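Residues per chain, in single letters:
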Amino acid sequence: QKEVEQNSGPLSVPEGAIASLNCTYSDRVSQSFFWYRQYSGKSPELIMSIYSNGDKEDGRFTAQLNKASQYVSLLIRDSQPSDSATYLCAVSGGSYIPTFGRGTSLIVHP
Amino acid sequence: DAGVTQSPTHLIKTRGQQVTLRCSPKSGHDTVSWYQQALGQGPQFIFQYYEEEERQRGNFPDRFSGHQFPNYSSELNVNALLLGDSALYLCASSPTDFMNTEAFFGQGTRLTVV
């Protein structure tokens, strides 16, 4: 059974701070890793994808992947209240079908 | 460029009834996947369609069935609805490149079974 684990939170950070979201996965042959943002009552929106070890930056977002530790994270710099949402980690491997975690609720307070 | 579109957006059905949900993929995408998302949970994979055939299936009963049309649009059918089928149903489309599994979601259909 492939598992993707996330702390459900909520993670509360002040505006302007760095939010750090973490995800671990069980399938060692996983190849593709994704972060989705989901606002309440809305559908998930893809914000980052990462395929190789190391960091990938896109604006205020940085995804970090460590395949040896089976760990992927998302850093949000200069957090804004509009970043308040649930962040879903998704992992895919040989089947190419992403498996999703339960998501971490992020609250950015002014 | 239209993204993934789903219809209807909301639906209320009675236990035991049947429901059909519809999805049109993003332009240039020919693979459609369906997910069920219960409140407070991540999306759970139901099945994926490619070239009008079910290519992969998740751990869902046969009450859940689907179809893909030549224009790549897709339908999800659920028979004999149970209260536990109440959820947000998400359609995701992706391109033919099987190594590229970036999935783009539609706005979802909120199904309530009473």
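The rules behind the values
- Residues numbered from 1 in each chain as written.
- Chains lettered and ligands numbered in written order.
- Predicted model: local features only at pLDDT ≥ 70, side-chain atom pairs only at ≥ 80, totals over all residues.
- Heavy atoms only, no water.
- Helix = DSSP H or I, 4+ residues; strand = E, 2+ residues; numbered from the N terminus.
- Rg over C-alpha atoms; globule rule 2.2 N^0.38 Å.
- Buried < 20%, exposed > 50% of the residue type's maximum accessible area, 1.4 Å probe, protein only.
- Contact = heavy atoms within 4.5 Å.
- Areas by Shrake-Rupley, 256 points an atom, 1.4 Å probe, with all protein chains shown as cover.
- Lys, Arg positive; Asp, Glu negative; His and termini not counted.
- Charge placed at Lys NZ, Arg CZ, Asp CG, Glu CD.
- Pairing = 2+ DSSP bridges.
- Disulfide = S-S within 2.5 Å.

Peer 1: Describe the overall build of chain B, and please don't skip the residues or the numbers.
Peer 2: Each helix and strand in chain B was counted, giving 0 helices and 11 strands. Its C-alpha radius of gyration of 13 Å places chain B within 12% of the 13 Å reference for a compact globule of 114 residues. Seen through its principal axes, chain B has C-alpha atoms that stretch 40 × 25 × 25 Å. Burial statistics for chain B: of 114 residues in total, 47% are counted as buried. For chain B, contacts bridging at least 24 residues in sequence account for 53% of all contacts bridging at least 6. Total accessible area on chain B stands at roughly 5400 Å², and carbon and sulfur atoms take up 50% of it. Across chain B, 8 positive and 11 negative side-chain charges occur, with their mean positions spaced 13 Å apart.

Peer 1: Report on the pairing of strand 8 (residues 74-78) of chain B, specifying residues and quantitative values.
Peer 2: All names here are of chain B. Within strand 8, 5 of the 5 residues are buried, which leaves it mostly tucked inside the rest of the structure. Side-chain alternation along strand 8 places Ser 74, Leu 76 and Val 78 on one buried face and Glu 75 and Asn 77 on a second face that is also buried. The pairing of strand 3 (residues 19-24) with strand 8 spans 5 bridges and is classified as antiparallel. Looking at strand 8, one finds that Leu 21 is bridged to Leu 76. Across 5 bridges, the pairing between strand 7 (residues 64-68) and strand 8 is antiparallel.

Peer 1: Please provide a residue-by-residue account of the state of the cysteines, values included.
Peer 2: Residue and element names in this part refer to chain B. As enumerated under the stated definition, the model contains 2 disulfides over all chains in all. Between the sulfur atoms of Cys 23 and its disulfide partner Cys 91 the distance amounts to 1.8 Å. Disulfide Cys 23-Cys 91: the torsion about the S-S bond is -60°, which places it as left-handed. A residue pair is termed long-range when its members are at least 10 positions apart, and Cys 23 in strand 3 and Cys 91 in strand 9 (residues 87-94) qualify at 68 residues. What makes Cys 23 buried here is its relative accessible area of 1%.

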